[in-house]
Structures are given as structure tokens and as C-alpha cells.
2 protein chains.
Amino acid sequence: MTTILVTGGAGYIGSHTVIELINSGFRVIVVDNLVNASYDSISRVEYIVKKKVIFYEIDLRDSEKLSKVFDKYKIDAVIHFAGLKAVGESTKIPLEYFDNNVGGTISLLKVMKQHDVKNIVFSSSATVYGDATRFKDMIPIPEKCPTGPTNPYGHTKLVIEGIMRDIYASDNKWRIALLRYFNPIGAHQSGLIGEDPTGIPNNLLPFLAQVAIGRRQKLNVFGNDYDSHDGTPIRDYIHVVDLAKGHIAALSYLANLKPKEGICREWNLGTGKGSTVFDIYHSFCKAVGHDLPYEIVGRRSGDVLNLTACVTRANEELKWKAKLTVDDACRDLWNWTTKNPQGFATPHYHIADHLYGEQRIHDVIFENFKFSVANVGATIVDVEVNGHPVVCNFQRLSDYAAKENPYFGATIGRVANRLPGAKIVIEGHTYDIDANEGKNSLHGGSHGFNSKYFFGPVTSYDSKAEAVILKFVDFDSDGSNGYPGDLNTYVSYIVTPHSYKIEYESSLDSSSKSPVTVVNLTNHSYFHLSDESNINETDFKLYTNKCIDTDTSLLPTGTISKLTQPKVMEKFRLGSNAFDNCFVLSDDVESLDTRKLKAKKALEVSNSKSNLQLKVYTTEPAFQLYTGDEIAVKNYGKRSGFAVETSRFLGAATFEKWQRQVILHKGDLYGASTTYVFSSLDH
Amino acid sequence: MTTILVTGGAGYIGSHTVIELINSGFRVIVVDNLVNASYDSISRVEYIVKKKVIFYEIDLRDSEKLSKVFDKYKIDAVIHFAGLKAVGESTKIPLEYFDNNVGGTISLLKVMKQHDVKNIVFSSSATVYGDATRFKDMIPIPEKCPTGPTNPYGHTKLVIEGIMRDIYASDNKWRIALLRYFNPIGAHQSGLIGEDPTGIPNNLLPFLAQVAIGRRQKLNVFGNDYDSHDGTPIRDYIHVVDLAKGHIAALSYLANLKPKEGICREWNLGTGKGSTVFDIYHSFCKAVGHDLPYEIVGRRSGDVLNLTACVTRANEELKWKAKLTVDDACRDLWNWTTKNPQGFATPHYHIADHLYGEQRIHDVIFENFKFSVANVGATIVDVEVNGHPVVCNFQRLSDYAAKENPYFGATIGRVANRLPGAKIVIEGHTYDIDANEGKNSLHGGSHGFNSKYFFGPVTSYDSKAEAVILKFVDFDSDGSNGYPGDLNTYVSYIVTPHSYKIEYESSLDSSSKSPVTVVNLTNHSYFHLSDESNINETDFKLYTNKCIDTDTSLLPTGTISKLTQPKVMEKFRLGSNAFDNCFVLSDDVESLDTRKLKAKKALEVSNSKSNLQLKVYTTEPAFQLYTGDEIAVKNYGKRSGFAVETSRFLGAATFEKWQRQVILHKGDLYGASTTYVFSSLDH
């Protein structure tokens, strides 16, 4: 597999290119200093492609750190996007532009040279031409047009091109593609990634988008007295996804040169078709569905009539051509904008990277409530109420991989709880499942969901509900732990200032060979409402006393009994009572997607010392209550916490009479929802 | 006083500019990474100007270190020379050129901006024009000539100019002078600093110089079919001292702008007069005194007929004009070359900077002999024979400033030993000298030569004698410690594989108001020939038994007596014998400059345990033998070593009958010479 290091891969063009790279079968390593980009774009790229993106938060100027990445991976080529890019800003702080862009590139090239990596695609810009109308016959602009940028941003791009030309002249083993972008617009059609400018947008479409979403009052049109069909100036707008594909084409061009042949050559990436400001305006208004306010103001100094690309060279040599239209771009931009009115920013949501090395932890922080999730197992690694931690956890993510870990906070799947004989029979077909507890299978098998890297999250904010939503996705391929079918599973955490809801959604992928599988998901958090060494002084109130019977090995027998103690809805102190029982809340499920059903209260737990209370509501028909009598792990012993594992019936996958709770056919949805509400007792 | 930070101040143009700056009254701080320059040039600049140059070995790209220099000093302006400069090399390693030159400049400008230092004179180059003959009417080349460098070196200069223009555009408080040098040649007329190219010289004159000195066989003349008077191409050669003065003119121009006025402007620095290759050749042959071998070879690609500067702008605006001729430059280059055939390099000589922080220690290292000197006091800080240290010293230079230091290794002056009543009468005029020992003055007074920073050294190598010569200079102004007259003192150490000779030379400066002073110099090293805790088991043999009488305060009485013990030339073990006596070797001096006289053996000392022997020879008439009975200082106690202080008579400055030994008139030379020879006893 070819490995591509992408600098600035978290940015607008970078993130779209990373998607195309992964979809084209490249392994991608992203390096970004995140000064002008958000790690969210990487989370979302992973979510979109359902693959892990290797990411390093490194400033290119830190050649020591950068060098370590080159030491670690055998990098075949670099796509170099990283750099500051605001023309206006560059005239105010030119030194920062030279330092970041030129300094960063020098450092990158040094490290590349040290590691004998001599293939690079550089993100240059049509800005290097400056005003091409100052020459005769240079519109559309060909690559041979003399350069002459008119601002520091453009200067940095031209200087970098010059450095690369000098390097190639000194050593013609280098393969260097200088891609001069015209005006990238639009967004990925998923609506999950797009342009997220800081401050007042410099470019037409991002500005229009902010007008449409109400963040800006109106569009200023700088002059309508140009010699175009509607009087506004003409530019070459290219859909960012087309642009991204241009990089794959350039990589392929470089890779297909003859052995020992090098190159350093410029290619324009544009459409070759000009659009006026009003053309764009009308197209975007069409996407939005109504006209947007604008005002004609005076011409802007430096603006000229027409800067359209001549794209013959790229079309012919790179075998690449822009295919998407301005209308496509406007539609995709509007989709991105409505889904992300504030760009990537989600209130109360933060990424903490200090805990677990390369792994990011996703924190939602309200005044009195903190909720933290890791990608592996979509594991809840921390819940804090009024500053008190209320779930069992580890300080290092690596500890979660320990054998003794009793599934702290993890998502459990495909089938939670015990599967007798590690075997299922679905519609006459028998499947052998991974037996990881003697002859039986527990919590999905040895490599269950708890140990898998979930992609994402995609975060959003519901301001009415004051809820932060973190949505992860897992792709579980056919045969994983013996289960049939390619399964997509979405895990959403909907976090409010006092509660969190977990929503599961699974479906067989359209590409799945097997038309059927089984699913029964839960989360395995252990709660402790006080700082006491065990939960014995904790009070419980159960809203059911029906239990699924188990044998001495805790395997289901297929029958249901009523406990005489504790009584339904009667508060009791846990004391020496011990539970590892599957309680039943309803006799069956009315729908495989229980999210449609009304949630039932499962239990109430409180602690008079800490004054904290936890109420659990679920749309699921059952829950396993486990009082942690077997916990024996780092920092935690017996009864350090209790688990409330809402799910389908224990044995649902085994006993035919209950199988409809867990059997998922292609085209159907499995769904479940459970809410954990924390409060103080005196409220 | 205006403080100028000079980057690359140890280089060819930099060092000449530092001299002009200091001579113009500026305070200079030099920053240089020394990758392409020698600290010797700084030593020599100090020697030439007799002022200290603040020096930091810093790579500009280390902005943290650089920033500390800006924190420490209030810098008014920067002259920025630092950078790689070999055109040919730049085509081979362009990245290093961009990294050093552009990266270094960006870092420098960042630090300047952070410290609100916005005045800079930049060392650009006529190379930025490239082939100016490609345009009509651009010879002589005016500043408005379009740029177009043809090699990475030139690219870096142009990029830096561009960065500076962008910075000025962003903040017009900056004052930026871009000086485009034509072809600097020549050397300082002292012959102490000049161009010292590494490898094969790229430029005509340094190459010719190496032909003249025998390091190269012949000069290649690249084409004699150009349209010039002799067929060789025409360039604009400027004497480096003229060029250096151009920087002072530029600084002054910037300083004289109206308040709040900024600028970023280019000035050519050249003569405006073209010389052909043969013109230069003939001029240099004239300086050498005979013709040098050359060969006409084919034209070099990229060479053009004429690249002469138009210097009107610099002449008019900077009020600066080159004054020296090509003949002057050739004479100065030849002077520099003959004095320094290998450039700054001196065999066996090294600078150690790890011991004493900012202070450099000058080491001469032979196989079995090491000799180390510091600038303060021109102090001998270490002598090692066969790996054994044989002088008392401190590990930190700061310890030498301690009160208890019994003058370890230091140069003693103006008048060594005790001056009764701290008073001298010279030709009827009484001078009060600093009394630093009760009512008397000892070893020159409180701020004697031992505590002064000696400038230099200028090092050289006498291959016949296998001797490394380190020459320091001190300027002692009128009234220093009460002594009259501005005194120049040269201290030379001539180090061979087994010995060192100290030579003193003093004379009144031509500017001295007082026509007369007194001088009596010595060195105060303490020797111990073995590792024993004291010198009691050491054997002495004295070549005189005459002593100058002293009273109980060790003050001279003006008479001479013979000791009965020890006997002349009779070896004795020191044992409990104690000396602090001025022994007499001859009745008087025949010349104030005793260097002309034959050296006499003063004493022989040996140690049977270490097998080491020291013999001291001197042209001086006396020596103080002190057996260290009062030593009480860090690591050293009573009798840790003995001093042999060769000098004029104790009391020579006091007693009229002996005064001719020490009285120095303007125009005369005081001189003295003492040799310390080490050997193994069995030799």
C-alpha cells in the first residue's frame, strides 16, 4: 500500500483530499498544527470513510518531531497543504506567513531529503500569477504566464515553488507537482466536512453562506461595471472534491514516470470555465431556496475582469478534469452550512489529547457535569457529577486492553451477555461464535466491540435541548467473532447538563453478503455514586422483580421467574445482596428498533453520603444488574461499582421464541436507547 | 551610544564592517554561528581596534537564543550579513541555502519585531539582477533594473528582499536598507583580517592570491573573446573597507530619516568603474612583484560581458562613495595573504569556549605540551607537560577575580612588585599610584594588568621553529592606577612543543599626553612540577646569589647583597627554605628593550618524583623567587607552587639610580623576554 503524508490534512482542501486518498486505497498520515483547522475534520473523515486516519499534531517547523514520523513510517510521497492562506491577513502579518509557509516548507523538505522521500505534490495557488490581464493573450491563464503575486500570501507560494525548482535542479530524482489552484468551493456531499473560515470570510461563497445562515447581513458586490455579461468579475470556481481528485491524478502522474525520471512542473487546477459573481450568487440562492440580500459597492483595488484557468495541461497530462458544476458546489455548500451553521465548533465539546498519548478523548463539559468518551469501544472513560467521578475508569487507555478489565464503560456487541455454547442458529443456519469464556461466548467474543476503534465522533449541538451529541460509527465485517454480515453500528451519546442518553443503531451494510445477523448492544459502565470503597451503603429501587433464570454458570435457561426480594419499587440498601441478574421490563419487544417505544424506568440508585441519585430509563425490554462482585483490577476491587446493562433478553439469540428481539435483516434497523439521569437527592 | 547587532560579523565583509562601526563610535554585538567563519577574526578585530567586541556564537535560526541577546541589550539597529554565500555550492545544496539564509532571516526579523527593533541594513547582492545585459540600457546597472537571479544563492537574497518589502508594506515604521554589493575585494590594511575562503575560491582575487602563495597552480581565465579592451569580462570590484563604510553611511541615512518615517529601499554598493579580469590580474601581479601563471580557457556558461554598478543613488542619497582603488585592494590582499598564507588557521591552536561561559580560552596543544591563555590578564590558565598540570590555576575564570587570588598566571603591570609609598617621581614630577597594600602599591595597583581584558590574540605559526605565537595587546590609558601616559602593551606567547617564551613590548601611544611613564612587566605563574601537595621535595638550582635587600615589609632598601646560602649553581632541595627575594642576574640593563640582549639562565628546578625539569632563561636583569608561603585560596594552600617573576630590579621605579631600567619615553620601546623550558630529567 502506498503511504502518503498529508500536511495540513485537517484543513479545507486537505480533508477532502484525505477522503479521496483513502477511497483510492492509499494509507494516509496527516500532519497538521491545527492552528487554522480543527481535529473534528479528521474525526469526521474517519466517520465518513470508516477507516482510521493516522494523525500527528505537529508544526512543520518542528523538524525534530516531523522527522520522527518519517522514521516511523515508510512514506512514499507527501502532499503539502499546510500553510496560512488569508490574502488580507498576509498583508498585515507577512512575517508569520513567510515563517509558517516558507519556513514550514523548508523544514519539511529537509526532513524529506534526510529520509530520501523525493515525491511531493505542492498546494500552490493561481495567486502566483497576480494580475494575468497585464499581459496580452494570457486569459485563460496558461502555466507559462509570467508570475507576479501582489500580496505576501502569493509571495510565499511563489517562493516555495522557486525553492522546489532549485531543489529539482540540484537533484533531478525529485518528482515535484506544483498544483496552482483556482477558486475552490463547495463541500463534501456528506455535509460533514467543508470550509470553516475563521473571522470574516474572504471568499465569495463562504461569505454568502454566512449571509444565508444569518451570521452576516448582506453580500457586498465589489463593482458591477466590468465587461462581463452581468458586469461582475469572472473567476474560475472549482468544486473542492474535483480539486481533491486532482491530487490523486498528480500522485499517479508522478508514480508513473519512468524509473529514475524526475520532474518539477506546474499544473493549473481549475475548470476552465469562468463564472461571474452574480452567476455564483444566483446558483447559491437557488440552493438556499430564496434570494439573499446584497449591495453593489465600489470596485476593490487589485480586482480585474477575468482570471480563468487554462486547464489543458492538467486535462491532458494528468488525465484529470473537473466534473462537478457550480450548482453542485452550491448545493453541497448549503448542505454543509445548514448541518454545521457554526462550522466545526460544538459548544461544551472539547478534545483532550493529554491523557492517552496519540488517542484523543472527547469531553463534554457543562458546569456540573462532565462526560468523556474514547474512540476505542466508544468507551465512556469518565462521568463526573458536581466534580465527583461516578464511573469506574482507568487513567491510561492502555489499561482498558488488560484482560482483567471488566469492560469498564465499553460498548458491548454484537451480542451482549452470555451466549451458551458459543453458537447461534439463525433461520436454520448455525454459526460458531468466538468462545471467550470456556465453551461460551461473552460480550461479543474476544474481539468484541469493546476493543474496536469507533470512528468519529460527529458532534452537534441541540440548543433547545441544551444537548451535545457525539455520534460514532463502527463497521464490523462479516465473520467478525463468527457473526455473519457486514454490520454498521452508530453509537450516539446525547449529553445534557445532567444526563446522557445512549442511542444505538445497527443495520447490515448494502454490500453485506449475509442478509441476516443478530445484534444486542449495551454499555458496560460501572457506577459508584460516592467515594466509598464499595457500593454496599448504596440504596437501590428496582422497577421490576422479574428475572431471566440462569443456571450455575449464569447461562440462561429460557424461562422467567419473579424474585420475592427485593420488592418492586421498594428502596433497599444493597448491603450483602449481590446481583448478576437479567431483569425484565417488558415481556417482549414490539419493534427491533426500540427507540420508537416509550422509555421505561429501570431503576433508581442513590447514596445518602454523596446525596447523588441515578435514574435509568430505557426503551429496552431488559437490563442486567451486576453488583461488581468479581471486579479485580487496577485500583478497583470487588463491589467498586455496579453495572446496569440495558439490552434484549439474556438468551434472546439462543432461544427461538425470543430471537425476534435480536435478528436483523438487511434493510431493517436495530435500535435502542437508554438514558442515565443524575440528580442530587435534595432536589 | 548606538548599539548595532551585526549578524555574520565574523565573516569577511562583517568583520571589516565591525571595525568601521567601532571606529565610528558604535557599540557592536556580533552574532555568528561560525560555520563559515572563524572566531579569530573577532579576536583580531579586537586587537586592531583595542576594544572588546561582544560576541555570541548563535545560529540565527535559534530564535530562542537570539531573543536572549535582544533581551539583554537595547539594540538600535541590525546589520544582517549572516548567510551562506557560495554560488556554486548553492546549486548543489539549495535547501541548505534557503534554510540558512531565508530561514535565518525570518527568525531574525521575528525576534527584531518582538523587541520592537525595526532598523536593519541587509547584505544583499548584485546577484539579484542576474544577467542585466538581457535588458536594454541597464549597464551600468541601476537599482530599477528588473531582478532575475540565476542561482539559489541569488534566489535567497531576492526572497529576503521580498520579505523585507512585505514587512515594510505591513508596517511602515520599519527602516530597511537593502545593500546590493558588487564584487568585494581586498583586506584590512593591517593585514590582520581578510577573506578566508574554504575550499577552492570562487572569486578571482582569492584564487589569484592562492596562486601567488603557491596553494594553486595557475589562474584559469574564462574566455578572452569578450568585447572589452583586453577581451576579458568586466566587473565592478570594490574594496571591502569602502564597502564596510557604505554600511555606516546606510545606518546614518536610516537614523536621519524624519521621526516616524520608514523606508525600504535598495542601494547598489560598487565603484561604478569596471575592471576586466586582466586589469585585476595585472594589478595583483604588481602587488606581488612578479607575474603569475594563468591560462585562457573557454567561456563559463552564464558569464556576460559587463556587470558594472550604477552607484548614483548610493553616492547621492547615502553621501557615500568608494575611494580605494583596485591597486589598493591588491596591495592589501597581498599583505593579508603573505601574513596569513593559510588564512586564519593556525596549526596546534584551538579556541575552547566550554570552560568559562562567554570567555574564550586560547589553547596551544602539542603532543606532550598544552598551553592555555585567557584574555583577562593575558593570564596563563594552564600548562600541562606530558599530561601533568604544572601551574596553579582555577577551573572558573570568575575565581581569578577573587581577592585571595595570588595573581595566578597573570600578566603584572604597569609596575611589578612593591612600590614603596605608592609614589613615583619621574623627572621631578611626582605621581600618586593606587595603594592596594597598606600604604604601598603592589603589582600595578588595584586594577592592574592582571584584571584587564587583553585584546586578541593574533595567532601565527613559525613552521621552522615549530612555534605557535599568540600576540595580545592592552591599551592602558593615562591615569590608570595613577600612572601617567597612554600605554600600549603587547604580550606574546611563543609556544613550542616543550617551552614557551613570553615577550613584552610597551610604548607610549602617539596620542599620549604624557611623554613619559614607567613600565616593569612580569608574569606571575606558580609552578609545581609534581602532584605533591607542596613543593618542599622540589630541587632548585639558582644561577645567582645576589639579592636586592628588603625591609621587614618586603620593601626595597636600594642596596644589593649576596646570600651565603644557597650557593650559585648548587642544587638544593627546597625543604624548609623559604624565598620571597628579588635575585639579580646583571648589574644593570644595557637597553630598555632587553629583548635585544642575550638571555641568561635564571634557575633550574626539578622534581625527582615526576622527573620533570623547568629551566628559566631571561633577558631581564632580575627575578623574584617566591615559594608561595602565603597562598591561601580555593584548592591551593601554602607552598602549592613557586613563582619566578623575571623583571627589572625591585625598586627600579623608586630609586633614581635604577630608574633608567623602567622609564619609558614616547618614541622608545620597553621590551623583555623570558623562556620557560620543560624537560624530563632523564633527557
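Residues numbered from 1 in each chain as written. Chains lettered and ligands numbered in written order. Predicted model: local features only at pLDDT ≥ 70, side-chain atom pairs only at ≥ 80, totals over all residues. Heavy atoms only, no water.

## Observations concerning the overall build of chain A
Okay, step 1: Each helix and strand counted, chain A has eleven helices and 42 strands in total.
Okay, step 2: Compactness check: chain A gives a C-alpha radius of gyration of 29 Å against a globular reference of 26 Å for 683 residues, within 12% of the reference.
Okay, step 3: Burial analysis of chain A (683 residues in total) assigns 60% to the buried set.
Okay, step 4: Relative to all contacts within chain A whose residues are 6 or more apart in sequence, the contacts with residues 24 or more apart total 72%.
Okay, step 5: Summed over all atoms, the accessible surface of chain A reaches about 26,900 Å², with 48% contributed by carbon and sulfur.
Okay, step 6: Distance between charge centres in chain A, computed from 74 positive and 79 negative side chains, equals 2 Å. (Helix = DSSP H or I, 4+ residues; strand = E, 2+ residues; numbered from the N terminus. Rg over C-alpha atoms; globule rule 2.2 N^0.38 Å. Buried < 20%, exposed > 50% of the residue type's maximum accessible area, 1.4 Å probe, protein only. Contact = heavy atoms within 4.5 Å. Areas by Shrake-Rupley, 256 points an atom, 1.4 Å probe, with all protein chains shown as cover. Lys, Arg positive; Asp, Glu negative; His and termini not counted. Charge placed at Lys NZ, Arg CZ, Asp CG, Glu CD.)

## Some details on the packing of helix H3 (residues 63–72) of chain A against helix H5 (residues 94–114) of chain A
All names here are of chain A.
Okay, step 1: Direction vectors running N to C along H3 and H5 enclose 40°, while the axes themselves pass 10 Å from each other. On the basis of the axis angle, H3 is oblique to H5. In the packing of H3 onto H5, the handedness of the crossing is right-handed. Contacts from Ser63, Leu66, Ser67 and Phe70 of H3 reach H5 at Ser107, Leu108, Val111, Met112 and Gln114.
Okay, step 2: Here the residues of the contact of H3 with H5 are counted per class, giving five nonpolar, four polar and no charged. (Axes fitted to C-alpha atoms, helices over the stretch in contact; angles between N-to-C directions. Parallel < 35°, antiparallel > 145°, perpendicular 65-115°, else oblique. Left-handed = near helix turned anticlockwise from the far one by under 90°. Nonpolar A, V, L, I, M, F, W, Y, C, P; charged D, E, K, R; others polar.)

## Observations concerning the environment of Lys571(B)
Residue and element names in this part refer to chain B.
Okay, step 1: The residue lysine 571 is located in the loop between strand S34 (556–562) and strand S35 (572–573) in this model.
Okay, step 2: For the pair lysine 571 and lysine 638, spaced 67 residues apart in the sequence, the C-alpha separation amounts to 23 Å.
Okay, step 3: Among residues more than four places away in sequence, those in contact with lysine 571 are Asp539, Phe540, Lys541 and Ser606.

## A short note on the pairing of strand S34 (residues 556–562) of chain A
The side chains of a regular strand alternate, first on one face of the sheet and then on the other.
Residue and element names in this part refer to chain A.
Okay, step 1: Here strand S33 (residues 546–550) runs beside S34; their pairing, made up of four bridges, is antiparallel. Directly across from threonine 550, in S34, lies its bridge partner proline 556.
Okay, step 2: Connecting S33 to the antiparallel partner S34 that follows it, the hairpin turn spans five residues, and leucine 554 within it adopts a positive phi of roughly 70°. (Pairing = 2+ DSSP bridges.)

## A closer look at the UniProt feature "domain: NAD-dependent epimerase/dehydratase" (unreviewed entry) in chain A
Okay, step 1: The feature "domain: NAD-dependent epimerase/dehydratase" (unreviewed entry), as annotated in UniProt, sits at residues 4–261 of chain A in this numbering.
Okay, step 2: Along residues 4–261 of chain A the backbone is 40% helical and 17% strand, and the end-to-end C-alpha distance reaches 20 Å. (UniProt positions renumbered as here; feature names shortened; annotations may be inferred.)

## Focus: the interface of chain A and chain B
Okay, step 1: Tallying the contact residues gives 20 residues for chain A and 20 residues for chain B.
Okay, step 2: Summed over both partners, the interface of chain A with chain B buries about 1,800 Å², with 69% contributed by carbon and sulfur atoms.
Okay, step 3: Residue Lys110(B) pairs with Asp99(A) through a salt bridge whose shortest N-O separation is 2.6 Å.
Okay, step 4: Where chain A touches chain B, the interface holds six residue pairs in polar contact (both at pLDDT 80 or more).
Okay, step 5: Elements with a minimum of two residues in the side of chain A that touches chain B: helix H4 (87–92), H5 and helix H6 (152–170) of chain A.
Okay, step 6: With ten residues, the top contributor of residues to the side of chain A that touches chain B is H5(A).
Okay, step 7: Considered class by class, the residues forming the side of chain A that touches chain B number eleven nonpolar, three polar and six charged. (Buried area = accessible area lost by both parts, 1.4 Å probe. Salt bridge = Lys/Arg side-chain N within 4 Å of Asp/Glu carboxyl O. Polar contact = N/O pair within 3.5 Å; in protein donor to acceptor, adjacent residues only side chain to side chain.)

## Some thoughts on the packing of aromatic side chains
Okay, step 1: Enumeration according to the criterion identifies 66 aromatic pairs over all chains in this entry.
Okay, step 2: Plain terms: the ring middles of Phe408(B) and Tyr636(B) are 5.2 Å apart, the flat faces sit at 90° to each other, and that makes the pair edge-to-face. With Phe408(B) in the loop between strand S19 (388–389) and strand S20 (411–412) and Tyr636(B) in the loop between strand S39 (622–626) and strand S40 (642–647), the pair connects residues that are 228 residues apart, well separated along the chain. With respect to burial, Phe408(B) and Tyr636(B) carry one shared label: buried.
Okay, step 3: Seen from the ring of Tyr39(A), Arg360(A) lies directly overhead, with NZ or CZ sitting 4.3 Å from the centre.
Okay, step 4: Over the face of the ring belonging to Tyr490(B) we find Lys471(B), whose NZ or CZ atom lies 5.1 Å from the ring centre. (Phe/Tyr/Trp six-rings, centres within 6.5 Å; stacked < 30°, edge-to-face > 60°. Lys NZ or Arg CZ within 6 Å of the ring centre and 35° of its normal.)

## Considering unusual backbone geometry
Okay, step 1: In this structure, Pro457(A) follows Gly456(A) across a cis peptide bond, with omega equal to 5°.
Okay, step 2: In this fold, Pro457(A) is placed in strand S25 (residues 455–462).
Okay, step 3: Of note, Tyr407(A) is a non-glycine position whose phi angle comes to about 65°, a positive value.
Okay, step 4: Examined against the element boundaries, Tyr407(A) turns out to sit in the loop between strand S19 (388–389) and strand S20 (411–412).
Okay, step 5: Non-glycine residue Asn417(B) carries a positive phi angle of around 70°.
Okay, step 6: Residue position: Asn417(B) is located in the loop between S20 and strand S21 (418–419).
Okay, step 7: Overall, Asn417(B) belongs to the buried group, its relative accessible area being 9%.

## Looking at the domain arrangement of chain A
Residues and elements named next belong to chain A.
Okay, step 1: As far as domains go, chain A holds domain 1 (3–339) and domain 2 (349–420 + 437–540 + 574–651 + 670–680).
Okay, step 2: Inter-centroid distance (C-alpha atoms) of domain 1 to domain 2 is 42 Å.
Okay, step 3: Between domain 1 and domain 2, the contact holds 15 residues from the first and 19 residues from the second.
Okay, step 4: Taken together, the two surfaces of domain 1 and domain 2 that pack against each other cover about 1,400 Å², and 54% of this comes from carbon and sulfur.
Okay, step 5: Of all residues in domain 1, the largest losses of buried area upon contact with domain 2 belong to Tyr39, Tyr47 and Lys50, amounting jointly to 45% of the total for that side.
Okay, step 6: The tally of links from domain 1 across to domain 2 stands at one salt bridge.
Okay, step 7: The partner of glutamate 57 in a salt bridge is arginine 360, and the shortest N-O contact between them spans 3.5 Å.
Okay, step 8: Summed over the shared surface of domain 1 and domain 2, the result is four residue pairs in polar contact (both at pLDDT 80 or more). (Domains from an automatic or database assignment.)

## Brief notes about the environment of Thr337(A)
All names here are of chain A.
Okay, step 1: Considering the arrangement of structural elements, one finds threonine 337 in helix H11 (residues 326–339).
Okay, step 2: Looking at threonine 337, the relative accessible area reads 6%, which means it is buried.
Okay, step 3: Linking threonine 337 and serine 43, residues 294 residues apart in sequence, is a C-alpha distance of 18 Å.
Okay, step 4: Dropping the residues within four chain positions of it, threonine 337 is found in contact with Ala209 and Ile213.

## Looking at the sheet that holds strand S14 (residues 306–307) of chain B
Strand pairing in a sheet is mediated by backbone hydrogen bonds. Such pairs are either parallel or antiparallel.
Residue and element names in this part refer to chain B.
Okay, step 1: With mixed pairing, three strands are arranged side by side in an open sheet as S12-S9-S14. What marks the edges here is a single partner per strand, and that holds for strand S12 (275–276) and S14.
Okay, step 2: Relative to S14, strand S9 (residues 234–235) runs parallel, the two being bridged by two bridges. Directly across from arginine 235, in S14, lies its bridge partner leucine 307.

## Regarding the sheet that holds strand S39 (residues 622–626) of chain A
Okay, step 1: In space, the six strands of this open sheet follow the order S31-S40-S39-S36-S33-S34 (chain A), with antiparallel pairing throughout. Of all the strands in the sheet, the pair left with one neighbour each is strand S31 (526–527) and S34 of chain A.

## Section: helix H7 (residues 204–212) of chain A
Residue and element names in this part refer to chain A.
Okay, step 1: Within H7, nine of the nine residues are buried, which leaves it mostly tucked inside the rest of the structure.
Okay, step 2: The set of residues buried in H7 consists of Leu204, Leu205, Pro206, Phe207, Leu208, Ala209, Gln210, Val211 and Ala212.
Okay, step 3: Tucked into the core, H7 has its buried residues touching strand S7 (183–185), strand S8 (219–222), strand S10 (237–239), helix H9 (277–288) and H11.
Okay, step 4: Of the residues flanking the end of H7, it is glycine 214, one or two places downstream, whose phi is positive at about 90°.

## Here we look at the relation of the copies chain A and chain B
Okay, step 1: Each copy superposes on the other: chain A lies on chain B with an RMSD of 0.1 Å after a rotation of 180° and an axial shift of 0.1 Å. The superposition of one copy onto the other is thereby described by a two-fold rotation axis. Distance from the rotation axis, computed per C-alpha, reaches its smallest value in chain A at Gly103(A): 2.9 Å.
Okay, step 2: When the interface residues of chain A are mapped onto chain B, 100% of them again lie at the interface, so the same face is used by both copies. (Least-squares fit on C-alpha atoms with pLDDT ≥ 70 in both.)

## Brief notes about the pairing of strand S23 (residues 429–432) of chain B
All names here are of chain B.
Okay, step 1: Strand direction decides the pairing type here: strand S22 (residues 423–426) and S23, joined by four bridges, are antiparallel. Note that in S23 the partner of valine 425 across the bridge is threonine 430.
Okay, step 2: Counting the residues between successive antiparallel strands, the hairpin from S22 to S23 contains two residues, one of them, glutamate 427, with a positive phi of roughly 45°.

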